[in-house]
Amino acid sequence: EAGFLTYDPGFMSTASCHSSITFIDGEQGILLYRGYPIEQLSAKASFLEVAYLLLYGELPNEKALAEFEQVIMRHTMLNENLKNFLNGFHYDAHPMAILIGVVGSLSAFYHDSLSINNVRHREISAHRLIAKVPTIAAAAYKHSIGEPIIYPRNDLRYCANFLHMMFATPCEEYRPSLLAERALNLLFILHADHEQNASTSTVRLAASSGANPFACIAAGIASLWGPAHGGANEAVIAMLTEIGEVKHIPKYIAKAKDKDDPFRLMGFGHRVYKNYDPRAKILREVCHQVLNELADANNPLFELAMRLEEIALSDDYFIERRLYPNVDFYSGIIYQALGIPRNMFTVMFAVARTVGWVAHWLEMMGDPDNRIGRPRQIYRGPGKRDYLPIWQR
Ligand code: SDX
């Protein structure tokens, strides 16, 4: 039984390039967190329960979960000086730029007091990141709309607390609906970890040099921002908005197939899944439910997304290349229905993925054979040659 503070580093000891956290079978469309199917976890678990599983390798018993929730909720506040840093950003700074900067700056608050060579200090850093990233994310949003930062509350569950920090104001309390909280819980679980994706590999490479965890996670956030990765959820909504109507879909499918056109169908394809992304399958169902109960059931973007998926999946180009909708294809539509603005979609991805990044960081730091990563290259430059004085060039 995995106790809370008596976890066995053995759960995390693993050679670099190997991991015991997440398993993906791209051919079968299988995704397991520590052996548990994503379908079961997303339907039955809380996000902090899954966070505990990813960090410690086992589902928590009641006592361990209660202790874990308490520790996380007690560390959601930020150092008050961080407000000055945050307010230094221009009002229209992209929230991802703010998240990278402020998460990285946590190094300045904890770097001296926490040693990466101390197991307990590593756990404290992990808890602080999982606790504080949502507060920073919501603060970035408030900054971008010129509203005061809303402090976290210790009497709210993790997802409800995030929605409170996003939408409450000093003049008015915000009580998220149970459906909104459940939808966010599911979205966070689905985005929590995904094996050696680009941003997790970035975190692991930074961690291999011994950089402090706050700097490593800031590096992961930067990598996630790209439209080929976590930035895709924001790009999907931009694409659907640009397509506008079903009658324009064929034109965009043709652009996506045109080798000379850099346009790709956002939310489609995956380096590993050559079958339906299991997370997209789950989100497709949730989309229906959330839109029916939270927003207008015939949300034009969702209708368009369904038609785009139908047309693309009947086109030989996509069938031959096994390009299916991925996790980003539907997530933006649900975020929009929850009232999350488009420029916050990738921030939402980063809040959830912080748990996976932290789990990988702990796994690496718990590995006595952890060595600095050093990818090699295939050199394609000129052979050895001599310097020429400028008048001879
Ligand atoms: C995430 O790694 C992870 O696990 C990431 C992630 C996670 O949880 O961390 O799952 C999250 O990042 C999901 C992906 C989100 N990105 C997008 O939706 C952006 C659009 N997708 C593409 O950019 C692309 O599909 C990638 C980046 C996702 C994958 O790129 P690959 O591996 O280079 O794609 P591929 O090798 O499978 O491509 C095979 C062919 C190529 O054409 P050919 O050279 O064979 O003629 O399919 C084409 C590609 O050009 N192709 C697309 C396409 N994706 C691939 N053509 C049109 N539209 C697309 N979306």
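The rules behind the values
Residues numbered from 1 in each chain as written. Predicted model: local features only at pLDDT ≥ 70, side-chain atom pairs only at ≥ 80, totals over all residues. Heavy atoms only, no water. Pairing = 2+ DSSP bridges. Helix = DSSP H or I, 4+ residues; strand = E, 2+ residues; numbered from the N terminus. Buried < 20%, exposed > 50% of the residue type's maximum accessible area, 1.4 Å probe, protein only. Near = heavy atom within 4 Å. Polar contact = N/O pair within 3.5 Å; in protein donor to acceptor, adjacent residues only side chain to side chain. Areas by Shrake-Rupley, 256 points an atom, 1.4 Å probe, with all protein chains shown as cover. Nonpolar A, V, L, I, M, F, W, Y, C, P; charged D, E, K, R; others polar. Axes fitted to C-alpha atoms, helices over the stretch in contact; angles between N-to-C directions. Parallel < 35°, antiparallel > 145°, perpendicular 65-115°, else oblique. Left-handed = near helix turned anticlockwise from the far one by under 90°. Contact = heavy atoms within 4.5 Å. UniProt positions renumbered as here; feature names shortened; annotations may be inferred. Core = buried A, V, L, I, M, F, W, Y, C linked by side-chain atoms within 4.5 Å.

### A closer look at the pairing of strand β2 (residues 30–33)
And step 1. In the sheet, strand β1 (residues 22–25) pairs with β2 via four bridges, with the strands oriented antiparallel. Looking at β2, one finds that T22 is bridged to Y33.
And step 2. Hairpin connection from β1 to β2: four residues lie between these consecutive antiparallel strands, with G29 at a positive phi of about 65 degrees.
And step 3. In this sheet, strand β3 (residues 36–37) lies alongside β2 in antiparallel orientation, the contact comprising two bridges. Looking at β3, one finds that L32 is bridged to P37.

### Considerations on the environment of S177
And step 1. Tracing the backbone shows S177 in the loop between α7 (158–167) and α8 (178–191).
And step 2. Note on S177: relative accessible area 32%, which makes it partly exposed.
And step 3. Between the C-alpha atoms of S177 and M306, which are 129 residues apart in sequence, the distance is 26 Å.

### Side note on the site of the ligand
And step 1. Close contacts around the ligand come from 25 residues, with H194, H270, R271, R279 and R353 the closest.
And step 2. Here an oxygen atom of the ligand sits 3.2 Å away from a polar atom, N or O, in the side chain of R321.
And step 3. Protein chains bury 80% of the 1100 Å² of accessible surface belonging to the ligand in isolation.
And step 4. Among the residues making up the shell around the ligand, the classes are represented as ten nonpolar, seven polar and eight charged.

### Thoughts on the packing of α8 against helix α16 (residues 327–337)
And step 1. α16 packs onto α8 with a crossing angle of 155 degrees between their chain directions and a minimal axis gap of 11 Å. Put simply, α8 runs roughly antiparallel to α16. With respect to the hand of their crossing, α8 and α16 are arranged in left-handed fashion. Here L184, L187 and H191 of α8 lie close against α16, whose contacting residues are V327, S331, I334 and Y335.

### Some thoughts on the UniProt feature "active site" (unreviewed entry) in the protein chain
And step 1. Per the UniProt annotation, the sites labelled "active site" (unreviewed entry) are H270 and D328. Across 59 residues in sequence, these annotated residues keep their C-alpha atoms within 10.5 Å of one another, forming a single compact spot.
And step 2. Turning to its location among the elements, H270 is positioned in the loop between α12 (249–257) and α13 (278–293).
And step 3. Residues in contact with H270, not counting those within four places in the same chain, are H194, D277, R279 and N326.
And step 4. Here the side chain of H270 touches V272 through a polar contact of 2.9 Å, landing on its backbone nitrogen.
And step 5. Within the secondary structure, D328 sits in helix α16.
And step 6. Judged by relative accessible area, D328 falls into the buried class, the value being 6%.
And step 7. Not counting the four nearest positions on each side in its chain, D328 is found in contact with H229, G230, A232, N233, V236 and F349.

### Quick notes on the nonpolar core
And step 1. Judged by nonpolar contacts, the single largest core of 127 residues is most densely connected at Y33, L55, L99, Y158, F188, L265 and Y330.
And step 2. Looking at this core element by element, the count peaks at 15 residues for helix α17 (residues 345–365).

### Overview of unusual backbone geometry
And step 1. For R34, which is not a glycine, the phi torsion comes out positive at approximately 50 degrees.
And step 2. Relative to the assigned elements, R34 resides in the loop between β2 and β3.
And step 3. We classify R34 as buried; its relative accessible area is 13%.
And step 4. Of note, R322 is a non-glycine position whose phi angle comes to about 55 degrees, a positive value.
And step 5. Mapping R322 onto the fold places it in the loop between α15 (316–320) and α16.
And step 6. Exposure remark for R322: the relative accessible area of 32% places this residue in the partly exposed category.

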